[in-house]
Every structure is written in C-alpha cells, then in structure tokens.
Protein chains: 2
Amino acid sequence: MKKIKIKAPATVANLVCGFDILGLCLSEPYDVMEVSLLDEKKVIIHNEGNSSLPTEPHLNTAGAPLLDMLNEIDGNIGFDVRILKNIKPGSGLGSSAASAAGAVVAANHLLNNKFSKPDLVRFAMSGEKVASGVKHADNIAPVIYGGTTLIRCIFPLDIVQIPAPQLYITVVHPQIEVRTADARQILRKEVQLKDAIKQWGNIAGLVAGLMKSDYDLIGRSLEDTIIEPLRSILIPEFSKIKKQCIEAGALGGGISGSGPSIFMLSKGEATAKEVEKIMQRIYNAISLHHYTYVTSINTEGCTILSQD
Amino acid sequence: MKKIKIKAPATVANLVCGFDILGLCLSEPYDVMEVSLLDEKKVIIHNEGNSSLPTEPHLNTAGAPLLDMLNEIDGNIGFDVRILKNIKPGSGLGSSAASAAGAVVAANHLLNNKFSKPDLVRFAMSGEKVASGVKHADNIAPVIYGGTTLIRCIFPLDIVQIPAPQLYITVVHPQIEVRTADARQILRKEVQLKDAIKQWGNIAGLVAGLMKSDYDLIGRSLEDTIIEPLRSILIPEFSKIKKQCIEAGALGGGISGSGPSIFMLSKGEATAKEVEKIMQRIYNAISLHHYTYVTSINTEGCTILSQD
C-alpha cells in the first residue's frame, strides 16, 4: 500500500464532569486526509480548500507528529499529506486532534501497523503541542481508539476504553472565537474540596452509568460544578440552551472542549433533533451565526475511505 | 416474626481515590444484633459485652435511626435491641454504621420490609450524626446494599451499586486513637485543580477497573494524592506498610475510613495472607498492639442468623 485516504473524526473532550480526562468520538463532522508514502525522510503538507493553517511540517498539527514518527523509523521514508478540513479550527470539536491523530493513523496503515495505539497517541500529542502549547490526549485518544476514552493519567499515559450505550449527540458551534488561552486563564488553580468531591462522585457515576447503560444515571451524573460555571460565561446563551434542551428530554451536556461549541447527549435520535431546533431557535433569535450537527458515537475512530 | 438476629458487617469507606463517595462491605468482622418487636412506641438498647456506648436511644447509633423510623409508623410499636459489638469503635471500620444500618435492616424485616433501601439509608444516617456529628452514607450504604457502593450525591441521596470482581481485603487495626474530628481538621478546604483532576482520573479508572474485572487497572487507580498524604501522618508506619504490601503483590490500598485501620486489596487469598504477615511483622517490630483480618467482599450486606 502506497496511499491511503481516511476520515479523521471530530471529538468532544472535557465531557462535563470529565474535565481533562474523558473524551468522545463523533461520527460527524470529520476531516478527510490522504497520506502517501515518499522515498525520502521528509513530510510534505498540503492544505486543501480555504485553509490558513501553516504548511511547514514542524508547525502543522499533522506534520509534527509525523516528524516524531519518522524519528523512530530507519530508512528513507516519508509522508505526503493532503488535508481537507471540515472540522473548524477553534470550534472546540478537536480539529487539531483530528489532523494529528488522523495523520499518524493513516501513516501507520502505510507502515503495516508498525506502531501500537499508545505509540500513536504519543506521536499525535506533539500535534496538540503545536496547536495549543500543551500536550494533552483527551481529544487524541477518542480519534485513535474510537468511542469513549478515559485518560486516567497523562504521564505515564494510561488510556481506558469506557463501553457506552447508543447515544445521540447534538452540537451547536456558534461563530464566536474563544481562545484556548482565555479559556484556560479563566480557571482557578485551586478548587474547594467539597466541590472536588462532588465532581468525583459525578465522574464515578458517569462511568458507571455508561458501563451499565443506565441512561438516568448518565443524566444525573452530567453535572460540572467546577469548570462550567467559569467557562460558560464566554459562551452566549449557554444556560438558556442547556436548560431548554434538558427540558426537551436531553440527558445533559456542556461545553465541548474549551468551547465555544455546546453539546447535548440524548437517548433517542428524535430528541437529539428536537434539541437541534432549540439551539437554532435560540441563536437565530440573537442573530448569531452557527452550525449544528446531530450525530452518534463513533466507535471506530478513523475509518478508511480508500487505499491503493 | 417477632424477633430477628442478624450480622451487621464492617465496612471500608473513603476507598483510596473515592474519598467520601466509595465504600466496600466486608465479610468480617461483624456485630451481632438481635431486635424484637415491642407493643409500645419506644426503643430499648442493651449493649452486651464490655461496652461503654450509651444506652439512651437518642444518643445511641442504633437507637437514633429507630426513633426516626418509628416517627414514620402509625400505631403502638417499638423495638428492643441487643448489640454484641465485635467491630471496635474508633477503628475506621464503620462500627457506628454497622449499628445504625443493622438496626434498621433488622427492624425493617420485622415490619415485612415496609421501607425501601434508600429509606433505610436515610434513617441510618441519623446514627452517623449521633456518632460523629455528620450525616454521611459511605459506610451505611455498603452495609445496606452489600458490595461496593458509590454515593454519587448525598443531598439528594443517590446510591449506585458498583459490580466488582472477587477481591481479598487485608485489614490491620493498630491500637491507637485517631479522633474523627482530628482526621477531619487535618484536611485542607481547598485543593489544587491539577490534583483534583488526577483524583477524578483515578476514581473513573477504579470504577471502570472494578466493572471490567481489570485487576491491573484497579491497582493503577488505587492512588490518592489529596487525602492520604495528610492523614497518613497520623498512622504509624503507614508508608512502610503500604510499600511492602504492594511489593508483596497487593493491588493497593490505603486508610480505612478516617483511620487508624489500614486496608490492602489483593486478587488472591494467598497474597492477602502474605500481606497480613507483613502488617504483623512491621507493627510487632515497634511493639504496637494490633488486630488483623483477612476477608472478602460481602455482597449481601446484613445477613439473617435466626428469626422467630
């Protein structure tokens, strides 16, 4: 195999009470990436469409992980990468993780799966570092493993797949900019012990709810009293959207990644579509341009579109 | 049925990273409680053996919950309670919870299970309030439900049973006094966000590990970087015991409740017995009087010894 084309999916990180540890892979939206083998030790990046992302490999979220990967391979081998971005950078839907993880998953196929999944996560984290200055894996892991993933620990890396029942995810991406740096700065370095205890009760409940397919328990556990109250201030109409969506039957939800996208989980597709209408109505009322998605959990992660 | 005799088991609360939320029911030690129906609205408490515990019902951990229960029953009915304590008060093994929960479980049998388990937890928490001034359910819930229980939320009460694989528990109870008030006072009111994130990664990993019967994951998740470093100072040789027990094959462990008992979890009984020897050797070396137990998870909670 010399060339492979894959889907690199969007992800929801910071899953409500799972701040920094729990991520979820989405069926849509996704980037399309085509990676070809080169017989020279280098990486070439092509951004297709209207992209302003850098093409210098070491500055590109797909390029940096591939350079790391090449450092662990003998011989004259390299990668040519074409990226068609559908996941909007700055959406909070893991755009950089899709590029970083998609690149190494595709490249690893071309290398007959020389590297393990934890290796791929390790390489891909270099892409997150390029994008945000911080190596984090909570968007990377769900792209590589699929489904719902727990980052129990980042150093040393410990990824745990959490089985989940069928869930529909409704996402709204309001066209405002929330800089990751601002979203980080708004957080407090210290939290009240009583709030932390509440949060670890909820994350334990959420993991148990997912593994037991107990939708009520999932809903009760989707509560974040630490991060959301601070960050939601940056997102117009957050409380109104959340309240109305839950009243319409959504299990719960919150800020996707560091925002500005908001996601809601529903047991059924009909509810998820009703939730979409609520999101649209609320943002239309204030003339805020936005995109919405109704999608499901992607249990595969990256999938192959073609190879030759 | 006019009279019932039950076993009211010991429990481990504050299960490492599950501070204030996760508890475990033990097969041993246990109290024996005999409860008889009276035809008068009152509660009589008899402490058998060498007990210095109060017998005034409203000051007794078994009496206060029964008074609460009687408040919700019409008619002239009451309870006579005989308590044979084997779980030492102040051990950190849920002595007060065994009395409080055992009393209401036994009484509820005499009432043909008039009350639900959440009701029983609610009554029994009054006993914890008598014992420590605080209504908490992390020892109560495992006595009433058996097995491993998560208190996702205390107000409103939300108890989740967490399925667990077979585990052996080794407990050492050094004969020193750690006052619950001191153990509470040593805690900080605020914690670093980064430490809290580590803790919720671990509790998520522990719940997943228990539900997946993944012993390695259970072991990796048995880490508490928030409470244990502060409280373990009050327990002689804590670090030495923990280190040597893990080297001998234990999965991990920590302080039981607010101490001074230390517990370690093992996959196999042989390891659990080896762990017991280590605990005995270390405390014998400093001539510290102590009790040890090697036991398993009690999935039943209270069990009936006789009834008539």
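Residues numbered from 1 in each chain as written. Chains lettered and ligands numbered in written order. Predicted model: local features only at pLDDT ≥ 70, side-chain atom pairs only at ≥ 80, totals over all residues. Heavy atoms only, no water.

- Per an unreviewed UniProt entry, chain A goes by the name Homoserine kinase and belongs to Flavisolibacter ginsenosidimutans.
- Taken directly from UniProt, the Function (unreviewed entry) text for chain A runs: "Catalyzes the ATP-dependent phosphorylation of L-homoserine to L-homoserine phosphate."
- In UniProt, chain A has this text filed under Catalytic activity (unreviewed entry): "L-homoserine + ATP = O-phospho-L-homoserine + ADP + H(+)". (UniProt positions renumbered as here; feature names shortened; annotations may be inferred.)

Observations regarding the pairing of strand β3 (residues 43-48) of chain B
All names here are of chain B.
For step 1, the next point in the chain: Here β3 shows a clear split, with Val43, Ile45 and Asn47 buried on one side and none of Ile44, His46 and Glu48 buried on the other.
For step 2, the next point in the chain: Here β3 pairs with strand β4 (residues 78-84) via six bridges, running parallel. Pairing of Asn47 across the sheet is with Ile83, part of β4. (Buried < 20%, exposed > 50% of the residue type's maximum accessible area, 1.4 Å probe, protein only. Helix = DSSP H or I, 4+ residues; strand = E, 2+ residues; numbered from the N terminus. Pairing = 2+ DSSP bridges.)

A word on the pattern of salt bridges
For step 1, the next point in the chain: Counting across every chain of the model gives 26 salt bridges over all chains.
For step 2, the next point in the chain: For Asp119(A), the salt bridge identified is with Arg122(A), shortest N-O distance 2.8 Å. Of this pair, Asp119(A) and Arg122(A) both sit in helix α3 (residues 117-132), three residues apart, which is roughly one turn of that helix.
For step 3, the next point in the chain: For Asp119(A), a relative accessible area of 21% corresponds to the partly exposed category.
For step 4, the next point in the chain: For Arg152(A), the salt bridge goes to Glu223(B), with nearest N and O atoms at 4.0 Å. With Arg152(A) in strand β5 (residues 148-153) and Glu223(B) in the loop between α7 (215-221) and α8 (228-231), this residue pair bridges two chains. (Salt bridge = Lys/Arg side-chain N within 4 Å of Asp/Glu carboxyl O.)

Remarks on the sheet that holds strand β10 (residues 262-266) of chain B
Residues and elements named next belong to chain B.
For step 1, the next point in the chain: Here we have four strands laid out as an open sheet, ordered β9-β10-β7-β11, and antiparallel in their pairing. What marks the edges here is a single partner per strand, and that holds for β9 (252-255) and β11 (290-296). For this sheet, the mean angle separating the axes of adjacent strands, direction not counted, is 15 degrees.
For step 2, the next point in the chain: Pairing of β9 with β10 involves four bridges; the strand directions are antiparallel. Following the sheet pairing, Gly253 is matched in β10 by Met264. (Axes fitted to C-alpha atoms, helices over the stretch in contact; angles between N-to-C directions.)

Focus on the UniProt feature "binding site: ATP" (unreviewed entry) in chain A
Residues and elements named next belong to chain A.
For step 1, the next point in the chain: Within this numbering scheme, the UniProt entry marks Lys88, Pro89, Gly90, Ser91, Gly92, Leu93, Gly94, Ser95, Ser96, Ala97 and Ala98 as carrying the feature "binding site: ATP" (unreviewed entry).
For step 2, the next point in the chain: Dropping the residues within four chain positions of it, Pro89 is found in contact with Leu53 and Ser95.
For step 3, the next point in the chain: If you trace the backbone, Ala98 turns up in helix α2 (residues 95-110).
For step 4, the next point in the chain: If sequence neighbours within four positions are ignored, Ala98 has contacts with Ala8, Pro9, Asp31, Met33, Ile87, Ala103 and Val143. (Contact = heavy atoms within 4.5 Å.)

Thoughts on the relation of the copies chain A and chain B
For step 1, the next point in the chain: Note on the identical chains: chain A maps onto chain B by a rotation of 180 degrees and an axial translation of 0.0 Å, with an RMSD of 0.0 Å. The relationship between the two copies is best expressed as a two-fold rotation axis.
For step 2, the next point in the chain: Take the interface residues of chain A: 100% of them recur as interface residues in chain B, which is what a same-surface contact looks like. (Least-squares fit on C-alpha atoms with pLDDT ≥ 70 in both.)

Quick look at the state of the cysteines
For step 1, the next point in the chain: Enumeration according to the criterion identifies zero disulfides over all chains in this entry.
For step 2, the next point in the chain: Cysteine Cys245(A) shares no disulfide, and the gap to the nearest cysteine sulfur, in Cys17(A), comes to 18 Å. (Disulfide = S-S within 2.5 Å.)

Let's talk about the sheet that holds strand β11 (residues 290-296) of chain A
Residues and elements named next belong to chain A.
For step 1, the next point in the chain: Strand order in the open sheet made by the four strands is β9-β10-β7-β11, with antiparallel pairing throughout. Bordering the open sheet on either side are β9 (252-255) and β11, each of which pairs with just one other strand. In this sheet, neighbouring strand axes are inclined to one another by 15 degrees on average, regardless of whether the strands run parallel or antiparallel.
For step 2, the next point in the chain: Relative to β11, strand β7 (residues 168-174) runs antiparallel, the two being bridged by seven bridges. Looking at β11, one finds that Pro174 is bridged to His290.
For step 3, the next point in the chain: Together, β9 and β10 (262-266) form the strand contacts of helix α9 (residues 238-247), whose direction differs from that of β10 by roughly 10 degrees.
For step 4, the next point in the chain: Set on the sheet, helix α10 (residues 269-285) makes contact with β7, β10 and β11; between it and β7 the angle comes to about 15 degrees.

Quick look at the UniProt feature "domain: GHMP kinase C-terminal" (unreviewed entry) in chain A
For step 1, the next point in the chain: This chain's UniProt record puts "domain: GHMP kinase C-terminal" (unreviewed entry) on residues 207-283 of chain A.
For step 2, the next point in the chain: Secondary structure across residues 207-283 of chain A divides into 55% helix and 12% strand, with the first and last C-alpha atoms of the span separated by 32 Å.

Section: the domain arrangement of chain A
Quoted interface sizes are often the accessible area lost when the parts come together.
All names here are of chain A.
For step 1, the next point in the chain: Taken domain by domain, chain A comprises domain 1 (3-163 + 298-307) and domain 2 (168-296).
For step 2, the next point in the chain: For domain 1 and domain 2, the distance between their C-alpha centroids amounts to 24 Å.
For step 3, the next point in the chain: The interface of domain 1 with domain 2 comprises 27 residues on the first partner and 33 residues on the second.
For step 4, the next point in the chain: Interface area for domain 1 against domain 2, summed over the two sides, is near 2,400 Å², with a carbon-plus-sulfur share of 68%.
For step 5, the next point in the chain: Looking only at domain 1, the three residues that lose the most surface to domain 2 are Val16, Cys17 and Phe19, adding up to 27% of its buried area.
For step 6, the next point in the chain: Connecting domain 1 to domain 2 are one salt bridge.
For step 7, the next point in the chain: Note that Asp20 and Arg184 form a salt bridge whose closest N and O atoms lie 3.9 Å from each other.
For step 8, the next point in the chain: Our enumeration of links across domain 1 and domain 2 arrives at nine residue pairs in polar contact (both at pLDDT 80 or more). (Domains from an automatic or database assignment. Buried area = accessible area lost by both parts, 1.4 Å probe. Polar contact = N/O pair within 3.5 Å; in protein donor to acceptor, adjacent residues only side chain to side chain.)

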